[in-house]
Amino acid sequence: MKRTLIALGTLVLATNVPAAGGDDPVLAKVMIDRFERQHTGGDDPLMLEADVWIGRDLHKLWFKTEVERVGGETEEAEIQALYSRAIAPYWDLQVGWRHDAMPKPERDWLAIGFNGLAPYWFEVDAAAFVGGNGQVAARFTGEYEWLFTQKLVLSPELEVNLHGKDDRATGVGSGLSDLELGLRLRYEIVREFAPYIGINWTKKFGDTADFARDHGEDTSDAQVVVGFRAWF
C-alpha cells in the first residue's frame, strides 16, 4: 500500500509540473517543530516532531515524523508520506501513508486530512486513518501563537487521538485515547532558530488508560520541557 501511495503522489506532482510554469519553482522546507527534553520523575524522554515538504504552490509532497526516546530506547516512532494539494487559501488536502514503527507490532495506515490556518490564525492539522487490521483512528492538533514581541512568542498546543476499537498489542483503546496540552515560550534568536521552555501535560482515557495501568505506567503526566524549534 505504501509504495502505491508514494508512487501516486509522485505521479500527481510530476503531472502538474508543466502546467505550473517557470514562475512557480520547486521549493522545499525542513521544519523541526519540537526537539526537546521532557523532565519527569523518571527517565527524561527526548522528543522530536518534524515536517519536510517539497513541491510547488499547489502540489507538494509532505513527510511528517514523531519520535520519542526514553532511556536510550525508541518507544514511539511514526512517519507519514503524503501528497498535499492546496484546495483553498491557507488550506491543503493531504492523502498518503502513515507507518507506526514503534511500539511493536508495526502498523500501517491510509491517511487523509487537512492542514492549514483556521480563522484567527489557529494552525490546524486534522486527519483520519484507516489501518490494515480494520482499525480506524482520528487525530486533531491545534496551535496558536501569541507574539509578545517580534522575537518572544507564547504557543499553546492541543493534540487529541481517537480510535475505533481496542488494539491491546499497541496499548490503544477505543474512543478517546489520549489528550496532550502544551504551552511553550520561545525566543527567536533568528527567525530560523528559537530555543524554548514550557510545560506539557498528557492524559490517557478509557481502555488506553487501563492498558497503561496493566503495564505499570502512569495515565497522566506533567513535564517541564526544554528544547528548540528550527526551520530552513
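Each remark here, short or long, concerns the structure printed above.
Right, let's walk through the structure included here. Bear in mind the structure is a predicted one, so any value in this text is a computation, not a measurement.

Notes on a nonpolar patch on the surface
A surface patch of nonpolar side chains, about 740 Å² in accessible area, is lined by Trp146, Phe148, Leu183, Leu185, Ile197, Ile199, Val224 and Val226. Looking at the nonpolar patch, the elements with two or more residues in it are strand E11 (175-187), strand E12 (193-204) and strand E13 (220-231). In this structure, Trp146 sits in strand E9 (residues 146-147). Overall, Trp146 belongs to the partly exposed group, its relative accessible area being 45%.

Notes on the nonpolar core
Membership of the largest hydrophobic core is limited to 8 residues, which are Trp53, Trp62, Leu82, Trp109, Ala111, Ala127, Phe129 and Ala137. Those elements that provide at least two residues to this core are strand E6 (107-118) and strand E7 (122-131). Sequence-distant contacts of Trp62, that is, excluding residues within four places in its chain, are made with Asp51, Val52, Trp53, Gln80, Ala81, Leu82, Ser84, Asp92, Gln94 and Asn115.

Here we look at a negative patch on the surface
Together, Asp43, Glu73, Glu75 and Glu76 line one region of the surface with negative charge. Along the polypeptide, Glu73 turns up in strand E4 (residues 73-88).

Here's the deal with the side chain of Lys64
Considering the arrangement of structural elements, one finds Lys64 in strand E3 (residues 59-70). Lys64 sits in the buried class, given a relative accessible area of 10%. Polar contacts involving the side chain of Lys64 include one to the side chain of Gln94, which spans 2.9 Å. A distance of 2.8 Å separates a polar atom in the side chain of Lys64 from a polar atom in the side chain of Asp125. Aside from chain neighbours lying at most four places away, what touches Lys64 is Ala50, Asp51, Glu78, Ile79, Gln80, Leu82, Gln94, Asn115 and Asp125.

Considering the pairing of E13
As paired elements, strand E1 (residues 27-39) and E13 share 7 bridges and run antiparallel to each other. Opposite Met31, over in E13, you have Trp231 as the bridge partner. Pairing of E12 with E13 involves 11 bridges; the strand directions are antiparallel. Its bridge partner lying in E13, Ala194 is registered against Arg229.

Criteria and thresholds
- Residues numbered from 1 in each chain as written.
- Predicted model: local features only at pLDDT ≥ 70, side-chain atom pairs only at ≥ 80, totals over all residues.
- Heavy atoms only, no water.
- Patch = residues over 30% accessible without salt bridge, like charges linked within 9 Å, V, L, I, M, F, W, Y side chains within 5 Å.
- Areas by Shrake-Rupley, 256 points an atom, 1.4 Å probe, with all protein chains shown as cover.
- Salt bridge = Lys/Arg side-chain N within 4 Å of Asp/Glu carboxyl O.
- Helix = DSSP H or I, 4+ residues; strand = E, 2+ residues; numbered from the N terminus.
- Buried < 20%, exposed > 50% of the residue type's maximum accessible area, 1.4 Å probe, protein only.
- Core = buried A, V, L, I, M, F, W, Y, C linked by side-chain atoms within 4.5 Å.
- Contact = heavy atoms within 4.5 Å.
- Lys, Arg positive; Asp, Glu negative; His and termini not counted.
- Charge placed at Lys NZ, Arg CZ, Asp CG, Glu CD.
- Polar contact = N/O pair within 3.5 Å; in protein donor to acceptor, adjacent residues only side chain to side chain.
- Pairing = 2+ DSSP bridges.

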